[in-house]
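Listed here are the chains, written in short residue letters.
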Amino acid sequence: QVQLQESGPGLVKPSGTLSLTCAVSGYSISSSAFWGWVRQPPGKVLEWIGEISHGGTPNYNPSLKSRVTISLDRSKNEFSLELRSVTAADTAVYYCVRSPGWYYLDLWGRGTLVTVSS
Amino acid sequence: QSALTQPPSVSGSPGQSVTISCTGTSSDVGTDNRVSWYQQPPGTAPKVIIYEVTKRPSGVPDRFSGSKSGYTASLTISGLQAEDEADYYCSSYRSSTYVFGTGTKVTVL
């Protein structure tokens, strides 16, 4: 059974960097798939942040592209999100996700709430 | 990146059918079969229930069905059950970016 689990700080200061990791179990991140992040501000709708292919090619939402980096750690079977220069508008539940490559997201982590506040 | 348009809410009694629409453009919903639907019960993560417009993942009840006409996709829940009460989001793919719908809250009366 493939599972995704997010981890990282639940509180980040304004202008700081949000860093999250997604541990993947039951499937190698080097196998065919795309690994990504989606966020949901409290009471609001879903927003796709970006993804990285199993080969390491990233693809980001243009609205966040200047602040986002997604990377793979094959040795740990994990992938990570870095979002720089955060503001209160970045407060959200962050989900890590998998896409099998046909324009849908077939697996989601349970999500982790990140609050941006001083 | 503008969101796809969904009705804010729909409701129905147990056993009834409800349909949720998802309106986009020629660049997303109107392109190929790039439409999926996600169910999000309160306090939980979304889960895919329909992909490629009409396909159901293993384990999803067949009372959930999808369709598309032009730039509007639809999700129909037939034989509504109490456990179907949740938020539902459509999604498509535009210019190498996933775009989600505005979300629809389904209430079982």
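You'll find the structure just up there.
Residues numbered from 1 in each chain as written. Chains lettered and ligands numbered in written order. Predicted model: local features only at pLDDT ≥ 70, side-chain atom pairs only at ≥ 80, totals over all residues. Heavy atoms only, no water.

## Re the overall build of chain A
Of regular secondary structure, chain A possesses zero helices and eleven strands. Listing each helix as α and each strand as β along chain A from the N terminus yields β-β-β-β-β-β-β-β-β-β-β. Computed over the C-alpha atoms, the radius of gyration of chain A is 13 Å, within 12% of the 13 Å expected from 2.2 N^0.38 for a compact globule of 118 residues. C-alpha atoms of chain A, sized along the principal axes, occupy 40 × 30 × 25 Å. Counting over 118 residues, chain A shows a buried share of 43%. Long-range contacts, defined as pairs at least 24 residues apart, comprise 51% of the intrachain contacts of chain A with a sequence gap of at least 6. (Helix = DSSP H or I, 4+ residues; strand = E, 2+ residues; numbered from the N terminus. Rg over C-alpha atoms; globule rule 2.2 N^0.38 Å. Buried < 20%, exposed > 50% of the residue type's maximum accessible area, 1.4 Å probe, protein only. Contact = heavy atoms within 4.5 Å.)

## Some thoughts on the side chain of S53 of chain A
Residue and element names in this part refer to chain A. Position of S53 among the secondary structure elements: in strand β5 (residues 47-53). Judged by relative accessible area, S53 falls into the buried class, the value being 9%. In this view, S53 contacts A33, F34 and L72; residues no more than four positions away in its chain are not counted.

## Here we look at the state of the cysteines
Each disulfide consists of one covalent bond between the sulfur atoms belonging to two cysteines. For the coordinates displayed, the defined rule picks out two disulfides over all chains. Note on cysteine connectivity: C22 of chain A is disulfide-linked to C96 of chain A, with sulfurs 2.2 Å apart. Disulfide C22 of chain A-C96 of chain A: the torsion about the S-S bond is 60°, which places it as right-handed. Of the two residues, C22 of chain A sits in strand β3 (residues 18-25) while C96 of chain A sits in strand β9 (residues 92-99), which places them 74 residues apart along the sequence. Here C22 of chain B pairs with C90 of chain B through a disulfide, and the sulfurs are 2.1 Å apart. The sign of the S-S torsion, about 75°, decides the handedness of the disulfide formed by C22 of chain B and C90 of chain B: right-handed. (Disulfide = S-S within 2.5 Å.)

## A short note on the sheet that holds β3 of chain A
Residues and elements named next belong to chain A. Judged by pairing direction, the sheet is antiparallel, and its four strands sit side by side in the order β1-β3-β8-β7 without closing on themselves. The sheet terminates laterally at β1 (3-7) and β7 (68-73), the two strands that pair on one side only. Mean inter-strand twist for the sheet, computed between neighbouring axes without regard to direction, equals 20°. (Pairing = 2+ DSSP bridges. Axes fitted to C-alpha atoms, helices over the stretch in contact; angles between N-to-C directions.)

## A word on the pattern of salt bridges
It is possible for side chains of opposite charge to pair when their charged atoms get near one another. For the coordinates displayed, the defined rule picks out ten salt bridges over all chains. Close ionic contact of D84 of chain B with R63 of chain B constitutes a salt bridge, the shortest N to O distance being 2.7 Å. In this pair, D84 of chain B sits in the loop between β6 (72-77) and β7 (86-94) while R63 of chain B sits in the loop between β4 (47-50) and β5 (64-69), placing the two residues 21 residues apart along the sequence. According to the relative accessible area criterion, D84 of chain B is buried, its value standing at 0%. Connected through salt bridges with shared partners, the residues R39, E47, R67 and D90 of chain A form a single ionic network. (Salt bridge = Lys/Arg side-chain N within 4 Å of Asp/Glu carboxyl O.)

## Brief notes about the interface of chain B and chain A
Of the residues lining the interface, 19 residues belong to chain B; the matching set on chain A comes to 22 residues. Interface area for chain B against chain A, summed over the two sides, is near 1,800 Å², with a carbon-plus-sulfur share of 64%. For chain B, the biggest contributors to the area lost against chain A are P46, Y98 and F100 of chain B; these three give 34% of the whole. Where chain B meets chain A, there are zero salt bridges. Across the contact surface, chain B and chain A share seven residue pairs in polar contact (both at pLDDT 80 or more). Elements with a minimum of two residues in the side of chain B that touches chain A: β3 (36-40), β7 and β8 (97-100) of chain B. By residue class, the composition of the side of chain B that touches chain A is nine nonpolar, eight polar and two charged. (Buried area = accessible area lost by both parts, 1.4 Å probe. Polar contact = N/O pair within 3.5 Å; in protein donor to acceptor, adjacent residues only side chain to side chain. Nonpolar A, V, L, I, M, F, W, Y, C, P; charged D, E, K, R; others polar.)

## Some details on the environment of I29 of chain A
Residues and elements named next belong to chain A. Residue placement: I29 occurs in the loop between β3 and β4 (34-40). A relative accessible area of 0% means that I29 is categorised as buried. Spatially, the C-alpha atoms of I29 and G55 are 9.0 Å apart, while their sequence positions differ by 26 residues. When sequence neighbours within four positions are dropped, the list of residues in contact with I29 reads V24, W35, H54, L72, D73, R74, N77 and E78.

## What to know about the sheet that holds strand β2 (residues 18-23) of chain B
Residue and element names in this part refer to chain B. One open sheet holds the three strands; their spatial order is β2-β6-β5, and the pairing between them is antiparallel. The strands lining the two open edges of the sheet, one partner per strand, are β2 and β5. Recorded for the sheet is a direction-independent mean angle of 20° between the axes of neighbouring strands. Sheet topology note: the β2/β6 ladder contains six bridges and is antiparallel.

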